[in-house]
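Chain residues, written in single-letter form:
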Amino acid sequence: MQVSSFDLTGHTAVVTGGSGTLGSAAIRTLLGAGARVALLARNLKHAQKVAQTLAAEPNHLLTVGADVTQPDQLERAAEQIATSWGEIHILVNFAGGNRPAATVNAQQTFFDLSPEALSEVVNLNLLGTVYACQVFGRQMAEQRRGSIVNISSMAAVRPLTRVVAYGAAKAGVENVTRWLAVYMAQEFSPAIRVNAIAPGFFLGEQNRALLVNTETGEPTPRGQAILQHTPMARFGDAVDLGGTLLWLASSASSFVTGIVVPVDGGFSAFSGV
């Protein structure tokens, strides 16, 4: 395989949730490979601030406000991107996350979780991914080529304490990924591929305080338990996802579809003994 297989020059990528820690790192990877990237985020002002920190060539980064749980907003975003750059070749679905109100803890049991909180997490992680795949995947179907990369989680296959709705939603993302891979290849074109990445434990905006003591920098009890079950004995850094993302987004993985790749430091392989 040649290095040129990873070259994304001339390709347009859309990254939902692109203003987060992992999403913005993914955008850096795609820009570095030559792609034009549309950063989609619900909070446009915050996204614009993040965009200013990204080293982008002129006309290679577009910031668009859109809530992935609102298909009409995604449709408008798709029109804006198409007007600016034409075809969309890559979709990366980083939009997601958990909510305190949908998390089991000492003060809140499973039986206390409200329908509203559970629905919010499922809508954001599962339906938000589905809606984005519908809107941008339709363009790929018309073009008969493209690559979709969804973002799953260790919680999808190894149920983690506390995050019941988040884990269930991410399990749904993996199922949809496999289903859509078959559907796109059989009904439209084998040149449309759908895969997913399942990150292990990465330090981000939402979970940092849960995993690391902000004053000492030492792992919290929960963080220590995770490290003890991660053979590489560290949390992931945002740049650790870059190689896998670039492989799945580019022609380097042209015969790969319907898979979920763990990037987890060995967490999913370790039985604990």
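The sections below set out a description of the structure shown in this document. Just so it is clear, the model here is predicted, and its values are computed rather than measured.

Regarding the packing of helix 3 (residues 71–85) against helix 4 (residues 115–143)
Each pair of packed helices can be described by the angle between their axes along with the distance between the axes. Relative orientation of the contacting elements helix 3 and helix 4 amounts to 30 degrees, with a least axis distance of 9 Å. Between helix 3 and helix 4, the angle is such that the two are roughly parallel. For the crossing formed where helix 3 meets helix 4, the hand is right-handed. Two secondary-structure elements touch here, helix 3 through Pro71, Leu74, Glu75, Ala78 and Ile81 and helix 4 through Tyr131, Ala132, Val135, Phe136, Arg138 and Gln139. Among the residues making up the contact of helix 3 with helix 4, the classes are represented as eight nonpolar, one polar and two charged.

Here we look at helix 1 (residues 21–32)
It helps to recall that an α-helix has 3.6 residues per turn; residues three or four apart then point in one direction. With 12 residues, helix 1 should cover 16 Å at 1.5 Å per step; its first-to-last C-alpha distance of 17 Å lies within 8% of that length. Within the sequence span of helix 1, burial applies to Gly23, Ser24, Ala25, Ala26, Ile27, Leu30 and Leu31. Looking at the packing, one finds that the buried side of helix 1 touches strand 1 (12–16), strand 2 (36–41), helix 2 (44–52), strand 3 (61–65), strand 4 (90–93) and helix 8 (242–249). Gly34 sits one or two positions beyond helix 1 and adopts a positive phi of about 100 degrees.

Description of empty space enclosed by the protein
Counted by the stated rule, this structure contains one cavity of 30 Å³ or more. Its volume calculated, the largest cavity comes out at about 30 Å³. By residue number, the principal contributor to the lining of the largest cavity is helix 1, which donates four residues. Considering only residue class, the lining of the largest cavity consists of seven nonpolar, two polar and no charged.

Looking at the environment of Gln108
The residue Gln108 is located in the loop between strand 4 and helix 4 in this model. Along the chain, Gln108 and Ala181 lie 73 residues apart, while their C-alpha atoms are 38 Å from each other. The residues contacting Gln108, other than those within four sequence positions of it, are Pro100, Ala101, Ala102, Thr103 and Leu113.

Focus on the environment of Ala225
Locating Ala225 in the fold gives a position in helix 7 (residues 221–228). Classification of Ala225 as partly exposed rests on a relative accessible area of 33%.

A few points about the layout of surface pockets
Approximately 1400 Å³ is the volume found for the largest pocket. What lines the largest pocket is a set of 50 residues, among which Gly96, Gly97, Asn98, Tyr166 and Gln206 lie closest to the centre. Counting only elements with at least two residues in the lining of the largest pocket, the list comes to helix 1, strand 2, helix 4, helix 5 (164–187), helix 6 (208–211) and helix 7. No other element matches helix 1, which puts three residues into the lining of the largest pocket. Its residues assigned to classes, the lining of the largest pocket shows 23 nonpolar, 20 polar and seven charged.

Observations concerning the packing of aromatic side chains
For any pair of aromatic rings, geometry is given as the distance between the ring centres together with the angle between the planes. Tallied over the full model, the rule gives four aromatic pairs. When the centroid spacing of 4.9 Å and the interplanar angle of 15 degrees are considered together, the rings of Trp179 and Tyr183 count as stacked. Here Trp179 and its partner Tyr183 are both found in helix 5, four residues apart, which amounts to about one turn of the helix. Overall, Tyr183 belongs to the partly exposed group, its relative accessible area being 34%. Each ring, one from Phe201 and one from Phe267, has its centre 5.1 Å from the other, and the planes form 70 degrees; the classification is edge-to-face. Linking Phe201 in the loop between strand 6 (192–199) and helix 6 with Phe267 in the segment after strand 7 (260–263), this pair joins segments that are 66 residues apart in sequence. Summarising the burial analysis for this pair, Phe201 and Phe267 share the class buried. Taken together, the ring pairs connect Trp179, Tyr183 and Phe188 into an aromatic cluster.

Quick notes on the rules
Residues numbered from 1 in each chain as written. Predicted model: local features only at pLDDT ≥ 70, side-chain atom pairs only at ≥ 80, totals over all residues. Heavy atoms only, no water. Axes fitted to C-alpha atoms, helices over the stretch in contact; angles between N-to-C directions. Helix = DSSP H or I, 4+ residues; strand = E, 2+ residues; numbered from the N terminus. Parallel < 35°, antiparallel > 145°, perpendicular 65-115°, else oblique. Left-handed = near helix turned anticlockwise from the far one by under 90°. Contact = heavy atoms within 4.5 Å. Nonpolar A, V, L, I, M, F, W, Y, C, P; charged D, E, K, R; others polar. Expected span 1.5 Å × (residues − 1). Buried < 20%, exposed > 50% of the residue type's maximum accessible area, 1.4 Å probe, protein only. 1 Å grid on protein atoms, 1.4 Å probe; cavity = no way out; pocket = protein on both sides within 12 Å on 5 of 7 lines; lining within 4 Å. Points joined across faces, edges and corners; volume = space filled by probe spheres on them. Phe/Tyr/Trp six-rings, centres within 6.5 Å; stacked < 30°, edge-to-face > 60°.

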